[in-house]
Amino acid sequence: MKKLLMVLALASVSFSAMAQDDPTLKYSVATNSFWSNWFIQVGAQWSAWYSAEEHGSGLDTSPFADFRSGPGAAIAIGKWFTPGLGLRTKLQGFWGKSVYSVNGSGESADNDFWILNEHALFNLSNMLCGYNPNRVWNFIPFAGAGIGRSMTHDRYAMDLSAGILNEFKLSRKVFLNLELGWNRCETDIDGQMRVVDPGTRGWDTHDNNLYGEIGLTFNLGRATWDKVPDVDAIRANYEAQIDDLNNLLNNANADIEDLKNQIANHRCPTPEPIKKGIAAPATVFFYCNKTNSGPSYARDLVDVRTVAKYAVENNDVNLLVTGYADSATGNPEHNQWLSDERAKTVVEELVGMGVSRSKITAEGKGGVDILSPFEHNRRATVEVK
């Protein structure tokens, strides 16, 4: 048994250098779905049997002694629930021995048996050093319990189990296993029913099986872990976007206030008094892209009505209606259409005021940049010709 413990210590020291990791690759992970991170293990074993009945016989305790050792095989299936915590169900079969003492002499006999255990796995490499998908070596202690059966003697017994599993990465899906374990069973699994001396304590009170195993782990499906989202970075990004939106809103409100001030301070031109048959142009202003409404549309028509009255009272008077659009918005074709329609709108107002359609000429000038600010170019004028 001392040699077995020395082998375990040597394995831990020999491969300790392989646990060095790049700290830039470590990160916290999110829990994956139930169907992720499953694995299957297969292995070949060499086991040594220590029966409770051999207590006091003075037999050689070497795990490699012929009368207590023999081969075995194992298969297991399990799942990692986090990078550091997993469960596996392991079935081990041994072509083993029963070792006992009769009249002070040591004896042994064949004893083929199997043990089925449920193990909790603790990946200390990930738990202590952080998850690293490129780690070469994983150091995984385990502990569990289960049931065993002697095939030779047709007996069942409960057991406790513990050990160390070392995994060495061959590829993303395949690992090489080196495992050392201990199964502590009730005393009847070896077929011997001798009553143990009441003064016996510790190791000698139960049947013990020590084993070493070499095998392979095959990862099924997805075998990696997602990074935990950086909540602080996400929050900072959203806060920056909200700040940008607030700035846009503040700028828009400032533009609205500026437009309100422009409208409040705007004074529409009024027609000059009609003198000697010649009238200053009357102006009707329109909203952007509109042909029938404007900021002072009703008030502008009062000025138009003055020109219309003059034309009705003087039969030799003709009127010229000119429509405009601003060149700062829209394309030339659309602006020409807007200016024509604005002129037609004012013509219909004049006809409604009693002016003969035959006395009116209408034209559109398209988009222009005559007045400032450019919004004032959205208009139609009425002149006496």
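In the block above lies the structure referred to throughout.
In this report, we go over the structure that sits alongside the text. (Residues numbered from 1 in each chain as written. Predicted model: local features only at pLDDT ≥ 70, side-chain atom pairs only at ≥ 80, totals over all residues. Heavy atoms only, no water.)

**Examining the side chain of serine 150**
Then step 1. By the secondary structure assignment, serine 150 is in strand 5 (residues 137-150).
Then step 2. Serine 150 gets classed as buried once you look at its relative accessible area, which sits at 0%.
Then step 3. Among the polar contacts made by the side chain of serine 150, one reaches the main-chain amide nitrogen of threonine 152 at a distance of 3.5 Å.
Then step 4. A polar contact of 3.0 Å, which involves the side chain of serine 150, links it to the backbone nitrogen of histidine 153.
Then step 5. In this structure, serine 150 is in contact with Asn111, Asp112, Phe113, Arg155 and Ile189, ignoring residues within four places of it in sequence. (Helix = DSSP H or I, 4+ residues; strand = E, 2+ residues; numbered from the N terminus. Buried < 20%, exposed > 50% of the residue type's maximum accessible area, 1.4 Å probe, protein only. Polar contact = N/O pair within 3.5 Å; in protein donor to acceptor, adjacent residues only side chain to side chain. Contact = heavy atoms within 4.5 Å.)

**Things to note about empty space enclosed by the protein**
Then step 1. Within the structure shown, the criterion is met by 1 cavity of 30 Å³ or more.
Then step 2. Looking at the largest cavity, its volume works out to about 40 Å³.
Then step 3. For the largest cavity, the full set of lining residues is Gln41, Val42, Gly43, Ala74, Ile75, Ala76, Arg88, Lys90, Asn177, Glu179 and Glu213.
Then step 4. Mapped onto the lining of the largest cavity, the elements with two or more residues apiece are strand 1 (38-50), strand 2 (69-80), strand 3 (85-102) and strand 7 (174-185).
Then step 5. Taken together, the residues of the lining of the largest cavity sort by class into 4 nonpolar, 3 polar and 4 charged. (1 Å grid on protein atoms, 1.4 Å probe; cavity = no way out; pocket = protein on both sides within 12 Å on 5 of 7 lines; lining within 4 Å. Points joined across faces, edges and corners; volume = space filled by probe spheres on them. Nonpolar A, V, L, I, M, F, W, Y, C, P; charged D, E, K, R; others polar.)

**Looking at the side chain of arginine 342**
Then step 1. Considering the arrangement of structural elements, one finds arginine 342 in helix 5 (residues 332-352).
Then step 2. Leaving out residues up to four positions away in the same chain, arginine 342 has contacts with Phe286, Tyr287, Cys288, Asn289, Lys290, Thr291, Tyr324, Ala325, Arg378, Arg379 and Ala380.

**Notes on the packing of aromatic side chains**
Then step 1. For the coordinates displayed, the defined rule picks out 10 aromatic pairs.
Then step 2. Its end group placed over the ring of phenylalanine 142, arginine 88 keeps NZ or CZ at 4.6 Å from the ring centre.
Then step 3. Taking the ring centre of tyrosine 324 as reference, the NZ or CZ of arginine 379 above it sits at 4.5 Å. (Phe/Tyr/Trp six-rings, centres within 6.5 Å; stacked < 30°, edge-to-face > 60°. Lys NZ or Arg CZ within 6 Å of the ring centre and 35° of its normal.)

**As for the environment of asparagine 315**
Then step 1. In this structure, asparagine 315 sits in the loop between helix 4 (297-313) and strand 10 (319-326).
Then step 2. Under the relative-accessibility criterion, asparagine 315 is labelled exposed at 61%.
Then step 3. A sequence separation of 41 residues divides asparagine 315 from serine 356, and the C-alpha atoms of the two residues are 9.6 Å apart.

**Some remarks on helix 5**
Then step 1. Helix length check: helix 5 (21 residues) gives 30 Å between terminal C-alpha atoms against 30 Å at 1.5 Å per residue, within 8%.
Then step 2. For helix 5, the full list of buried residues reads Asn335, Leu338, Ser339, Arg342, Ala343, Thr345, Val346, Val347 and Leu350.
Then step 3. The elements touched by buried residues of helix 5 are strand 9 (282-285), helix 4, strand 10, strand 11 (360-368) and strand 12 (379-384).
Then step 4. The first or second residue beyond helix 5 is glycine 354, which carries a positive phi of 105°. (Expected span 1.5 Å × (residues − 1).)

**Remarks on unusual backbone geometry**
Then step 1. Here the residue pair serine 372 and proline 373 is connected by a cis peptide bond, since its omega of 5° sits within 30 degrees of zero.
Then step 2. Relative to the elements of secondary structure, proline 373 occurs in the loop between strand 11 and strand 12.
Then step 3. At aspartate 154, a residue that is not glycine, the phi angle is positive and equals roughly 55°.
Then step 4. With a phi close to 65°, asparagine 289 is a non-glycine residue in the positive phi region.
Then step 5. Tracing the sequence through the fold places asparagine 289 in the loop between strand 9 and helix 4.

The values are spatial; any link to function lies outside them.
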